[in-house]
Amino acid sequence: MTTTATTLLLARHGQTVWHAENRYAGVSDIALTDTGRAQAEALGRWAGAHPVDAVWTSPLARAVATAEPACRTLGLTPRREPDLRECNFGVVEGRTLAEFAAENPEGAAAFVADPVARPFPDAEDPAAAAERGAAALRRIAAAHPGGRVLVVAHNSLLRLVLCTLLSVPVRDYRRVFPRLRNAAVTELRLTGGSVGLMALNVPCDDGDR
């Protein structure tokens, strides 16, 4: 018996002011920069040249804005999934790791050593974020059997989810997936309970990668 495969095309949102400065945005609603908007347009052109049946996004404005050009090109209405929101980074929201390390060197060192067991103070449990994000992607895949779905979300959440779906220890998400590039595409294929990584960080444009 053959099980129908669903393809999820995962994209991190475009650049924001905070991300340009390597600040943790988390659940803070930060707008795209001009570069981020150009990255979103490039993703839209890419989506127009590839089969895409549906578009889902995080509810945060930077993800919705990144998905808009693709939806415009494809004539699709984006669907927002609350469980695709970025992790809450607690006291580090709006700050860099270096700034946190200057204030709390032990806490920063513990995070770098094991970001899941020792998250930032007041931050969301990364393991719980990984589970909610993975469950959301499985629901999306189930809603589009055999389809190709563009999913626009966030760097840390998607890396945690990739580890969960690909059976990589979640504590290693920063090492195994150092960064998802803004508006680049990572392709997953879900067949029944099996998940395969088909491509990682495929750029939609040659500029600013």
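Residues numbered from 1 in each chain as written. Predicted model: local features only at pLDDT ≥ 70, side-chain atom pairs only at ≥ 80, totals over all residues. Heavy atoms only, no water.

**Student:** An account of the environment of Ala 11 is requested, with residue identities and associated values reported.
**Tutor:** Examined against the element boundaries, Ala 11 turns out to sit in strand β1 (residues 5-12). In this structure, the C-alpha to C-alpha distance between Ala 11 and Cys 163, residues 152 residues apart in sequence, is 16 Å. If we skip the residues at most four places from it in the chain, Ala 11 touches Leu 43, Leu 150, Val 151, Val 152, Ala 153, Leu 158 and Ala 184. (Helix = DSSP H or I, 4+ residues; strand = E, 2+ residues; numbered from the N terminus. Contact = heavy atoms within 4.5 Å.)

**Student:** So, the side chain of Glu 86: which residues are in play, and what are the values?
**Tutor:** Within the fold, Glu 86 resides in the loop between β3 (79-80) and α4 (97-103). Engagement of the side chain of Glu 86 in a polar contact is seen with the backbone nitrogen of Leu 157, the distance being 2.9 Å. Each residue touching Glu 86, except ones within four places of it in the same chain, is listed here: Gly 26, Val 27, Leu 60, Arg 62, Glu 124, Arg 132, His 154, Asn 155, Ser 156 and Leu 157. (Polar contact = N/O pair within 3.5 Å; in protein donor to acceptor, adjacent residues only side chain to side chain.)

**Student:** Outline the packing of aromatic side chains, listing residues and values.
**Tutor:** Per the counting criterion, the structure on display carries four aromatic pairs. A centroid spacing of 4.0 Å and a plane angle of 20 degrees characterise the contact between Phe 111 and Phe 120, whose relative ring orientation is stacked. For the pair shown, Phe 111 and Phe 120 are each scored as buried. Members of the aromatic cluster, joined through ring pairs, are Tyr 24, Phe 89, Phe 100, Phe 111 and Phe 120. (Phe/Tyr/Trp six-rings, centres within 6.5 Å; stacked < 30°, edge-to-face > 60°. Buried < 20%, exposed > 50% of the residue type's maximum accessible area, 1.4 Å probe, protein only.)

**Student:** Can you tell me about the packing of helix α6 (residues 126-143) against helix α7 (residues 155-165), naming the residues and giving the values?
**Tutor:** Put simply, α6 and α7 touch, their axes get as near as 8 Å, and they point 75 degrees apart. It follows from the interaxial angle that α6 and α7 lie roughly perpendicular. Each of Pro 126, Ala 129, Ala 130, Glu 131, Arg 132, Gly 133, Ala 134, Leu 137 and Arg 138 in α6 lies in contact with α7, whose residues at this interface are Leu 157, Leu 160, Val 161, Thr 164 and Leu 165. Taken together, the residues of the contact of α6 with α7 break down into nine nonpolar, two polar and three charged. (Axes fitted to C-alpha atoms, helices over the stretch in contact; angles between N-to-C directions. Parallel < 35°, antiparallel > 145°, perpendicular 65-115°, else oblique. Nonpolar A, V, L, I, M, F, W, Y, C, P; charged D, E, K, R; others polar.)

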